[in-house]
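Chain by chain, the residues run as shown.
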Amino acid sequence: MLTLADVERMTREDGEGWGYAHVCRVLKLTSIIGVDLDYDREAVVWAVHLHDWGAFPRHRQPGIDHALRSRQIAEQDILPQAALTAHQAALILEAIEKHDYRDERPVTMPEALVLREADFLDFLGVIGIVREFAWGPNNLQVCYERILARREIIQARFTLPIAQQIATQRLETMQWALERLFEESRGDL
Ligand SMILES: [Fe+2]
Ligand SMILES: [Fe+2]
């Protein structure tokens, strides 16, 4: 039987430098943005831990979208060994598969909504900026342009009121920080 503690340990071990900290941030955001919603909190905690496993070196496969790959791992290797109901497993798989901001398919279950909108928020604000530069490449202009492109898509995707409020604050901070970056570099990134 696999417990949440096992999944947490595996996320820490396999998630390079970023995976586990990202999970911790997204977990906190799910509780904040989902505070007024009625949803299965246990299912969301599992989904948050597993949602990016398909991007980890141990699991990723070229040509397979990371969200779909995360779903495959959860479905085949993890959830059958967990003490969760079939309904919870279905909620977790749906939330994982549709978490990415580029996925335009509608999401209606609150479990999937809180995961994806918490994940969107982690791309915004100063944390969103530093994550992009950490991803590289060591070319500031390339990272800067990716920040703008991602922000453009993500900012229109929020539906939960608290997520929208946090997004508005983070977008303001982000704009301020990017203006300072431009100013200090005088446009030479
Ligand atoms: Fe992801
Ligand atoms: Fe993520």
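It should be noted that the structure appears before, not after, this text.
Attention in this report is confined to the structure presented alongside it. Starting afresh in each chain, residues are numbered from 1 along the sequence in its written order. Numbering of ligands from 1 and lettering of chains from A proceed in the order in which they are written. The predicted origin of the model limits local features to residues at a pLDDT of at least 70 and limits the giving and counting of side-chain atom pairs to 80 or more, whereas totals for whole chains, interfaces and linings rest on all residues. The side-chain quantities take in all heavy atoms of the structure and omit both hydrogens and water.

**Re the overall build of the protein**
- From N to C terminus, the protein includes nine helices and zero strands.
- Strands are runs of DSSP state E lasting at least 2 residues, helices are runs of H or I lasting at least 4, and numbering of each runs from the N terminus. The helix and strand sequence of the protein, counted from the amino end, reads α-α-α-α-α-α-α-α-α.
- Only protein chains enter the area calculation, which uses a 1.4 Å probe; residues under 20% of their type maximum are buried, those over 50% are exposed, and those in between are partly exposed. Burial status across the protein gives 49% buried among its 189 residues.
- In what follows, residue pairs with any heavy atoms lying within 4.5 Å of each other are defined as contacts. For the protein, long-range pairs separated by at least 24 residues make up 64% of all intrachain contacts whose partners lie at least 6 apart in sequence.
- For the protein, the exposed area adds up to about 9700 Å²; of that, 54% sits on carbon and sulfur atoms.
- The positive charge centre, built from 21 side chains, and the negative charge centre, built from 30, are 3 Å apart in the protein. In this description, accessible areas are obtained by the Shrake-Rupley approach with a 1.4 Å probe, and a residue is regarded as covered only by the protein chains that are shown. Neither His nor the chain ends contribute to the count of charged residues, in which Lys and Arg are positive and Asp and Glu negative. To locate a charge, take NZ of a lysine, CZ of an arginine, CG of an aspartate or CD of a glutamate.

**Let's talk about the coordination of the iron ion (ligand 2)**
- A donor here means any N, O or S atom no more than 2.8 Å from the metal (3.2 Å for Na, K and Ca); water is not included, so a site may seem to lack partners. Of the protein atoms, only His22 (NE2), His51 (NE2), Asp52 (OD) and Asp119 (OD) coordinate the iron ion (ligand 2), at distances of 2.1 to 2.2 Å.
- Because the angles between the four donor atoms bound to the iron ion (ligand 2) fall within 83 to 176 degrees, the donor set is best described as irregular.
- Along the chain, the residues donating to the iron ion (ligand 2) fall in the pattern H-x28-H-D-x66-D.
- Metal-to-metal, the separation of the iron ion (ligand 2) and the iron ion (ligand 1) is 3.6 Å; Asp52 coordinates the two. Note that His22 is positioned in helix α2 (residues 19-33) and Asp52 in the loop between α3 (41-50) and α4 (66-78), a separation of 30 residues in sequence. Angular criteria define each label, namely tetrahedral for four donors with all angles between 85 and 135 degrees, square planar for four and octahedral for six donors with opposite donors over 155 degrees apart and remaining angles between 65 and 115, and irregular for whatever fails these tests.

**A look at the coordination of the iron ion (ligand 1)**
- Summarising the metal site, the iron ion (ligand 1) is bound by the protein donors Asp52 (OD), His66 (NE2) and His99 (NE2), whose distances to it range over 2.1 Å.
- Here the donor residues of the iron ion (ligand 1) share one chain and are spaced in sequence as D-x13-H-x32-H.

**Things to note about the pattern of salt bridges**
- Basic side-chain nitrogens of Lys or Arg form a salt bridge, by our definition, when they fall within 4 Å of a carboxyl oxygen of Asp or Glu. Inspection of every chain in the model, using the stated rule, returns 15 salt bridges.
- Two residues, Arg58 and Asp14, come together in a salt bridge whose shortest N-O distance is 2.9 Å. One end of the pair, Arg58, is in the loop between α3 and α4; the other, Asp14, is in helix α1 (residues 4-14), with 44 residues separating them in the sequence.
- The class of Arg58 is exposed, set by a relative accessible area of 61%.
- Classification of Asp14 by relative accessible area gives buried; the value is 11%.
- For Lys98, the salt bridge goes to Glu94, with nearest N and O atoms at 3.2 Å.
- Judged by its relative accessible area of 26%, Glu94 is partly exposed.

**What to know about the nonpolar core**
- By convention a nonpolar core is built from buried Ala, Val, Leu, Ile, Met, Phe, Trp, Tyr and Cys residues, the set being connected through side-chain atoms within 4.5 Å. Grouped together as the largest cluster of nonpolar side chains are 52 residues, with contacts concentrated most on Ile33, Trp46, Leu50, Ile78, Leu79 and Ile92.
- Elements represented by at least two residues in this core include exactly α1, α2, α3, α4, α5 (86-97), α6 (110-121), α8 (140-154) and α9 (161-185).
- Counting only domains with at least three residues in this core, you end up with domain 1 (1-103) and domain 2 (123-189). Note: domain ranges come from an automatic or database domain assignment.

**A closer look at the packing of aromatic side chains**
- Pairing of aromatic rings covers Phe, Tyr and Trp, the last through its six-membered ring, and needs centres within 6.5 Å; plane angles under 30 degrees mean stacked, over 60 mean edge-to-face, and all others mean tilted. Tallied over the full model, the rule gives four aromatic pairs.
- Centroid distance Trp18 to Phe56: 5.4 Å. Interplanar angle 75 degrees. Geometry classified as edge-to-face. With a gap of 38 residues between them, Trp18 in the loop between α1 and α2 and Phe56 in the loop between α3 and α4 connect regions that are remote in the sequence.
- Using a relative accessible area of 25% as the deciding quantity, one classes Trp18 as partly exposed.
- A relative accessible area of 1% means that Phe56 is categorised as buried.

**Description of unusual backbone geometry**
- In this structure, the amide linkage connecting Gly136 to the following residue, Pro137, adopts the cis form with an omega of 5 degrees.
- Residues other than glycine seldom take positive phi values, yet Glu16 does so here, at roughly 45 degrees.
- You can call Glu16 partly exposed: its relative accessible area is 46%.
- Phi angles above zero are rare outside glycine, and Arg186 is one such case at about 50 degrees.
- Within the element layout of this structure, Arg186 appears in the segment after α9.

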